[in-house]
Amino acid sequence: MMAHRRKGSAAPGVPAGWRARSLPHPCPTFLSTMTQPPSPLTHFDAQGQAHMVDVAAKAATHRIGVAQGRIEMQPATLALILAGNAKKGDVLGIARIAGIMAAKKTSDLIPLCHPLALTRVALEFMAEPADAAGVAALSGAETGQIRCTATVETVGPTGVEMEALTAVTVALLTIYDMCKAADRGMAITDVKLLEKHGGKSGSFVSD
């Protein structure tokens with residue numbers, strides 16, 4: 001004959017005093033990640049985790065990135081650079097090599113950048129004023145500056161904007177390093193992407 005359990009008594013094998021508890025509701029944050037639209041930031045997945053973008057399905061096209069920045073300095077510092085009299089040597093020549101090397105090392109510096117086989121890296125420097133006479137004509141409140149433009153190219157599935165920006169930044173930092181003994185107040189500014197060409201998104205030209 002089957003024994004009947006009294007109302008309120010524990011089931012066989014269950015300790016006395018035990019009460020069933022309802023399961024908690026799912027985490028609201030988790031639910032929101034399941035329902036929100038994909039992020040326009042391609043370096044984040046649907047759960048908001050950082051990842052390297054898969055470019056395997058992208059077509060290999062000719063990619064170009066052009067970036068620019070400038071470094072402001074005292075007129076006397078610019079005169080030293082133009083005359084080639086800086087203590088550490090040829091400032092702009094070394095800055096050019098530093099920028100080229102930096103472009104090739106971008107994926108080591110920026111975590112989610114792809115390693116790329118670059119086909120061209122070129123850096124140009126423009127001093128303002130461009131000669132010693134122009135520098136001498138500056139008033140006491142005015143500053144000299146050197147503008148750096150980097151052009152980077154490759155044929156591949158992803159762009160070279162970061163390589164161009166990295167080249168400019170490191171080139172300007174190199175100028176600072178080589179001239180800081182004469183002028184620690186130099187200021188690096190206006191580093192930006194000027195142009196981008198190639199790939200599915202087409203071209204971008206800064207205003």
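Everything numeric in this text was worked out from a predicted model, so none of it was measured.

1. As for the sheet that holds strand β3 (residues 144–156)
In space, the 5 strands of this open sheet follow the order β2-β3-β1-β4-β5, with antiparallel pairing throughout. Both outer strands of the open sheet, β2 (118–128) and β5 (204–205), are each paired with one neighbouring strand and no more. In the sheet, strand β1 (residues 61–73) pairs with β3 via 13 bridges, with the strands oriented antiparallel. Bridging across to β3, Val66 finds its partner in Thr151. Sheet contacts for helix α2 (residues 75–83): β1, β2 and β3; angle to β3, the most-contacted strand, approximately 55 degrees.

2. Quick look at unusual backbone geometry
Between Glu128 and the following residue, Pro129, the backbone shows a cis peptide bond with an omega angle of -5 degrees. Phi at Asp190 is positive, roughly 55 degrees, even though this residue is not glycine. By the element assignment, Asp190 lies in strand β4 (residues 187–197). Taking the relative accessible area as the measure of exposure, Asp190 reaches 42% and is therefore partly exposed.

3. A few points about the confidence of the model for the protein chain
Summarising the model, the protein chain shows a mean pLDDT of 83, and 72% of its residues fall at 70 or more. Counting interchain partners and residues more than four positions distant, the pLDDT-below-50 stretch residues 29–34 has 2 contacts.

4. Quick word on the environment of Lys87
Mapped onto the elements, Lys87 comes out in the loop between α2 and α3 (91–104). By relative accessible area, Lys87 is classed as exposed at 85%.

5. Observations concerning the environment of Lys196
Residue placement: Lys196 occurs in strand β4. When its relative accessible area of 7% is taken as the criterion, Lys196 is described as buried. Each C-alpha atom of the pair Lys196 and Gly65 lies 4.7 Å from the other, and the pair is 131 residues apart in sequence. When residues no more than four places from it in sequence are discounted, the contact partners of Lys196 are Ile64, Glu161, Ser201, Gly202, Ser203 and Phe204. One polar contact links the side chain of Lys196 to the main-chain carbonyl oxygen of Gly202, over a distance of 2.6 Å.

6. Some details on the pattern of salt bridges
Scanning all chains against the criterion turns up 6 salt bridges. The salt bridge partner of Glu128 is Arg147, with a shortest N-O separation of 3.2 Å. Note that Glu128 is positioned in strand β2 and Arg147 in strand β3, a separation of 19 residues in sequence. Overlapping salt bridges bring together Arg70, Glu72 and Asp190 as one network.

Parameters and conventions
Residues numbered from 1 in each chain as written. Predicted model: local features only at pLDDT ≥ 70, side-chain atom pairs only at ≥ 80, totals over all residues. Heavy atoms only, no water. Pairing = 2+ DSSP bridges. Helix = DSSP H or I, 4+ residues; strand = E, 2+ residues; numbered from the N terminus. Contact = heavy atoms within 4.5 Å. Axes fitted to C-alpha atoms, helices over the stretch in contact; angles between N-to-C directions. Buried < 20%, exposed > 50% of the residue type's maximum accessible area, 1.4 Å probe, protein only. pLDDT = per-residue confidence, 0-100. Polar contact = N/O pair within 3.5 Å; in protein donor to acceptor, adjacent residues only side chain to side chain. Salt bridge = Lys/Arg side-chain N within 4 Å of Asp/Glu carboxyl O.

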